[in-house]
Amino acid sequence: MSHIPHLINGERVAGTGRTAPVFNPSTGDSTAAVGLADRATLQLAIDAAKAAFPAWRNTPAAKRAQIMFRFKQLLEQNENEIAALISAEHGKTIEDAIGELKRGIENVEFACAAPEILKGEYSRNVGPNIDAWTDLQPVGVVAGITPFNFPAMVPLWMYPLAIVCGNCFILKPSERDPSSTLFIAELLNQAGLPKGVLNVVNGDKDAVDGLIEAPEVKALSFVGSTPIAEYIYSEGTKRGKRVQALGGAKNHAVLMPDADLDNAVSALMGAAYGSCGERCMAISVAVCVGDQIADALVEKIVPQIQALKIGAGTSCGLDMGPLVTAAARDKVKGYIDAGVAQGAKLVVDGRDLVVPGNENGFFVGGTLFDQVTPDMTIYTDEIFGPVLCIVRVGSLEQAMQLINDHEYGNGTCIFTRDGEAARLFCDEIEVGMVGVNVPLPVPVSYHSFGGWKRSLFGDLHAYGPDGVRFYTRKKAITQRWPARKSHEAAQFAFPSNG
Ligand code: NAD
């Protein structure tokens, strides 16, 4: 069985201590063991990043960007290999893995604009012979902790931008599917990144706690579930670190009575069942305004759910692969059991799905509940599986109240032909990312990504302009060069232009 190492100071490091099994979720086989860094291994990465920082922060932004241009080319050249690695450990389909990578590459493209992004602000003659400017300086050694569900894209939200801003980075990817993340990091080294600027440390809670506690680590970016996001935010900020921690979600799609139903159903199929529902922007609740649209939705969507092509993610032409682990499969099935016990109407049941030839894979079929009410756990909790719940309400206002009362506020969307309803929804909904007839409104790389309420802890969203703010510190410099041979007398009043 292969061993997945760490990447420290430009080298693969086996590390000492514990390991965890990595599975191919389509077959259920354990395919590798990943090293779980102990504190000594983590310290090697911290030391490497710290040592690389002085030279890297002084490397011109244009030179840093040139490395990102080469990195983008390498990512594109290796697209198929990366997609295969993602699919083999995550289980998502090859097409979905390529889509994730392409969205990640957009963040590398944004980072290529480093010289423009980092220009700062300048004001000449703010007083006699005085000029002022604001510089965007790197924070130092920063770390990112990422989830299993986007092993390529979410790390690419973080380190390309952090690195072009002049920081050195330690990435702690998910221990469930670390191979594609490691492969991609090695491509950045191949692109010419100096040793120690990017380090990948595999591990679990112990490595994360080490990053939180290390005084050398000045900022933490986290993406994952809400309890861990909250933990990292509170422990990190307590120690004076800058923290952005993106958490879980329960994303609602509102179907208005005038929605284009065929398009809404296609959109819901992809958004609810794509990636087996393991997306933080997955739609898991369809809020139908009126029984008529709810009944029409059920009639149209049921045959499509029953026709989903489900199989080993590594094969092409499928709609859906397995869940990531046996534990994830059992958790999702447990929620379906609970939905039945709590009185929801199970319209399509994915619990007994068997994929011929992959009988031991971690599969659950597309599942649909109708008549779901807000007190049921299938409504309150993030299931993170291929389960869509229909909630019926009487008006747009009730739909919005329902969404605004939910603890999560990551993404949402509305399907309608009514501009007034769409405008009200965009204005009043308590959610960070909103789609109008767009089911997965994941912002492009030059707009930042982030939820509201318990979907994000911290002030700044991920990537884009907020990412630049997060990975830089502002320094305001005021400089005077007195005219030659002039002498100014001491002034004891507070300096002003009055
Ligand atoms: P997770 O919270 O279990 O793990 C995320 C990271 O935290 C991993 O690197 C993991 O090793 C680490 N971790 C796990 N337990 C820890 C602990 N007790 N202490 C310290 N670190 C710990 O999340 P996951 O299951 O990998 O990913 C799925 C979750 O991520 C879902 O809730 C999903 O909504 C969320 N997610 C959110 C976004 C977003 O942008 N808001 C994006 C992707 C995923």
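Residues numbered from 1 in each chain as written. Predicted model: local features only at pLDDT ≥ 70, side-chain atom pairs only at ≥ 80, totals over all residues. Heavy atoms only, no water.

*Asks:* Sorry if this is basic, but what is going on with the side chain of Thr472 here?
*Replies:* Examined against the element boundaries, Thr472 turns out to sit in strand β23 (residues 472-480). Apart from residues no more than four positions distant in its own chain, Thr472 is found in contact with Leu118, Leu136, Gln137, Val139, Cys165 and Arg242. (Helix = DSSP H or I, 4+ residues; strand = E, 2+ residues; numbered from the N terminus. Contact = heavy atoms within 4.5 Å.)

*Asks:* Even after reading the chapter, I still don't get the layout of surface pockets, so can you show me in this structure?
*Replies:* Of the pockets and cavities examined, the largest pocket occupies roughly 860 Å³. Lining the largest pocket are 42 residues, and of these Phe148, Arg176, Gly224, Ser225 and Ile228 lie nearest its centre. Elements represented by at least two residues in the lining of the largest pocket include exactly α6 (153-164), α8 (205-213), β11 (217-223), α9 (226-238) and α12 (326-341). Looking at side-chain class alone, the lining of the largest pocket contains 21 nonpolar, ten polar and eleven charged residues. Of the residues that make up the lining of the largest pocket, three or more belong to each of domain 1 (2-247 + 455-477) and domain 2 (251-436). When its volume is computed, the second largest pocket comes out at roughly 440 Å³. (1 Å grid on protein atoms, 1.4 Å probe; cavity = no way out; pocket = protein on both sides within 12 Å on 5 of 7 lines; lining within 4 Å. Points joined across faces, edges and corners; volume = space filled by probe spheres on them. Nonpolar A, V, L, I, M, F, W, Y, C, P; charged D, E, K, R; others polar. Domains from an automatic or database assignment.)

*Asks:* Any chance you could explain unusual backbone geometry here in plain terms?
*Replies:* Of note, the phi angle at Asn125 is positive, near 60 degrees, even though the residue is not glycine. One can find Asn125 in strand β6 (residues 121-127). Positioned with a positive phi, Tyr463 is a non-glycine residue whose angle comes to about 45 degrees. Note that Tyr463 resides in the loop between β22 (456-457) and α16 (464-470). The buried category is assigned to Tyr463, whose relative accessible area is 3%. (Buried < 20%, exposed > 50% of the residue type's maximum accessible area, 1.4 Å probe, protein only.)

*Asks:* Sorry if this is basic, but what is going on with α6 here?
*Replies:* Residues lying three or four places apart along an α-helix face the same way, a consequence of the helix completing one turn every 3.6 residues. Along its twelve residues, α6 runs 17 Å from first to last C-alpha, staying within 8% of the 16 Å computed at 1.5 Å per residue. With twelve of twelve residues buried, α6 lies mostly within the body of the structure. For α6, every residue scored as buried is listed here: Met153, Val154, Pro155, Leu156, Trp157, Met158, Tyr159, Pro160, Leu161, Ala162, Ile163 and Val164. After α6 finishes, the residue Gly166 shows a positive phi value of roughly 100 degrees. (Expected span 1.5 Å × (residues − 1).)

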